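Breakdown of the fold
So you can see what is in the structure, the chains are spelled out below.
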Amino acid sequence: MEIVLNKEEFLNGIKVVKNITSSKGVQPVLSNILIETISSDRVRFLATDLNLSISFKLKAEVVSEGKITLSAKTLEEITNKLPDKPIVLKLNDETNVVTISCGKTKFELIGISAEEYPKVFDDVAQSEEDKEFEINTGLLNKGIKQTAFSTAQNETGSVLSGVCFNINANILEMVATDGNRLTRSRKEINSKGESIMFISPARTLLEVSRIISMVKDESVKFIVKRNKIVFEFSDVTFQSRLIEGTYPKYQQLIPTTNEKTVSIVREELIQAIERVSVMVNERTNIVKFNFDENSLEISTDTPESGSGKDFLDIEYSYENLLIAFNYRYVLDSLKNMDSKNVKVEMSTNLSASIFKPEAESEEEDNNYICLIMPVQVRQ
C-alpha cells in the first residue's frame, strides 16, 4: 500500500475516528485505526471498541492498494508535528512497517496486520425488519444536548444510562432520566408512518454530537436494527449497540396539574444560583427557593462554612412556597435552554417541578421540559 494524503484531511480523519479506539482492551489491535484503500482516490479509516464502530472515507492519491492498522495515539501525535505538506504512507507488507514521509521528515511506524482487525459493518446491509429515518443534524444535536446530560452516570448498561427514542406520528421524543430528574425533547421527523421505541447509550449520542460538529452534513440517516443503530453521514458511518430492556413509563411521571406557574428571566436565575452556590454544602448541593409575593429568595447555608442569599423580582401571586433542589440539576436544565425566560411549574415542596423554556405558542410550550424532584429539607 502507498497513499498520498493532504495533511489537514488526514489529521481530520484521525480525529473523527480515534475516540472509538479502545486503549484498555485486551486486544492491542483495538487501540489502532484500520487504514485501507477502497478506490483509486479514496481511503477509509475505521475504528472500533466492539460496542461502537466508526468509518470515515476521505480523498487520497492511491498509488497502490492495501491495508494496515496503526496506533491512533501515535499517528495523531506524528501528524500534528508534520509540516503542512503532502503526507506519504508506504507499507512494507512483509514487516507491517509503515514509512510516513512529509517533506524532509520521515517516521517508521510498526503496525498490526489488518487481518487481526475485527470484522465490523458486515451487517450494515438492510433487511426488511430494519427501520430507517432521516433527521436534520441541527435538530438531532439539540435533542442530544437537551437530554443526554440527565442520564444515570454510574449505571453502564442500565436503561437509565441511555436516552429513550420514541418515534410516533412524525414526532421524535428523546427522553432521559437518572431517577432524580427527567428531560424530554420533542422534534419533528418524517417517520413515513413508522413507530418505534429504543434506547441508545448516552455515550453513543455524545459521539454523534461530536461527529455532527466535525462534518458539514445538514441531515443524517439512522437505521434501527434488532439490537443496533447505524448513523449514516455522507462520509461517516457510525454504529452502536442499543441498550436492551424496558424504559420506565415516563409519560406517567410528568405532572399535568402543577397549579403554580412563574416566569423568570433565565440568565438572571442562572447568575443568582451560581452566586449562592459558592456557599453550598458540596455533599448535598442543596439550594432553597422561597417563592413569596412577587419575590424569589434563593439561599443556601452550610453550618461549618456560612450562608448565602440572593433575591429576584418576579410575578408571583400564589401562597408562599419553600422548595429545595439540587442546584446542579437546575443549572443543567437552564443552560440547555435558549429562551429569554424560563417557565417554572410547581405544586408542593415535595412534588415534581417542571422547568421549560417560555415559548411563544402553546404548540411549542412542551417541546422541551426538564422535570426535577425537590429535596426534602427542614424549614
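Predicted model, so just to flag it, every value in this text is computed and none were measured.

Basis of the calculations
Residues numbered from 1 in each chain as written. Predicted model: local features only at pLDDT ≥ 70, side-chain atom pairs only at ≥ 80, totals over all residues. Heavy atoms only, no water. Core = buried A, V, L, I, M, F, W, Y, C linked by side-chain atoms within 4.5 Å. Buried < 20%, exposed > 50% of the residue type's maximum accessible area, 1.4 Å probe, protein only. Contact = heavy atoms within 4.5 Å. Axes fitted to C-alpha atoms, helices over the stretch in contact; angles between N-to-C directions. Helix = DSSP H or I, 4+ residues; strand = E, 2+ residues; numbered from the N terminus. Parallel < 35°, antiparallel > 145°, perpendicular 65-115°, else oblique. Left-handed = near helix turned anticlockwise from the far one by under 90°. Nonpolar A, V, L, I, M, F, W, Y, C, P; charged D, E, K, R; others polar. Pairing = 2+ DSSP bridges.

Concerning the nonpolar core
L89, L140, F222 and F231 are the most contacted members of the largest nonpolar core, which has 68 residues in total. Setting aside its immediate chain neighbours within four residues, L140 contacts I135, F165, M174, V208, I212, V220 and F231. Core analysis: the second largest hydrophobic core is formed by 33 residues, V276, I298, I323 and V330 among them.

Remarks on the packing of helix α1 (residues 7-18) against helix α2 (residues 72-81)
Direction vectors running N to C along α1 and α2 enclose 150°, while the axes themselves pass 10 Å from each other. Accordingly, the angle class assigned to the pair α1 and α2 is roughly antiparallel. Remark: the crossing between α1 and α2 carries left-handed chirality. Of the residues in α2, those touching α1 at K7, F10, L11, I14, K15 and K18 are A72, L75, E76, T79 and N80. In terms of residue class, the contact of α1 with α2 is built from five nonpolar, two polar and four charged.

A look at the environment of L11
Along the chain, L11 turns up in helix α1. Separated by 67 residues in sequence, L11 and I78 have C-alpha atoms that sit 9.7 Å apart.

Focus: the sheet that holds strand β15 (residues 219-224)
The strand order across the open sheet formed by eight strands is β6-β2-β3-β4-β17-β16-β15-β10, and the pairing between neighbours is antiparallel. The outermost strands of the open sheet, each flanked by one partner alone, are β6 (67-71) and β10 (131-136). Here the average twist between neighbouring strands, direction ignored, is 20°. Summarising the sheet, strand β3 (residues 42-48) and strand β4 (residues 52-59) pair through seven bridges and their orientation is antiparallel. By the bridge assignment for β4, R44 is matched with K57. Here α2 sits on the sheet and contacts β2 (32-37) and β6; the angle it forms with β6, its principal contact strand, is near 80°. Each of β4, β16 (228-232) and β17 (236-241) touches helix α4 (residues 202-214); the most contacted strand, β17, lies at about 170° to it.

Thoughts on the pairing of strand β24 (residues 353-357)
Judged by how many residues are buried, β24 sits mostly within the fold: five of five residues are covered. Every second residue of β24 is oriented toward a common face, with S353, F355 and P357 on one face and I354 and K356 on the other, all of them buried. Across four bridges, strand β23 (residues 341-346) lies against β24 in antiparallel orientation. Bridging from a neighbouring strand, V344 pairs with F355 of β24. Two successive antiparallel strands, β23 and β24, enclose a turn made up of six residues. For β24 and strand β25 (residues 368-372), the ladder comprises three bridges, and the chain directions are antiparallel. Paired with S353 across the strands is I372, a residue of β25.

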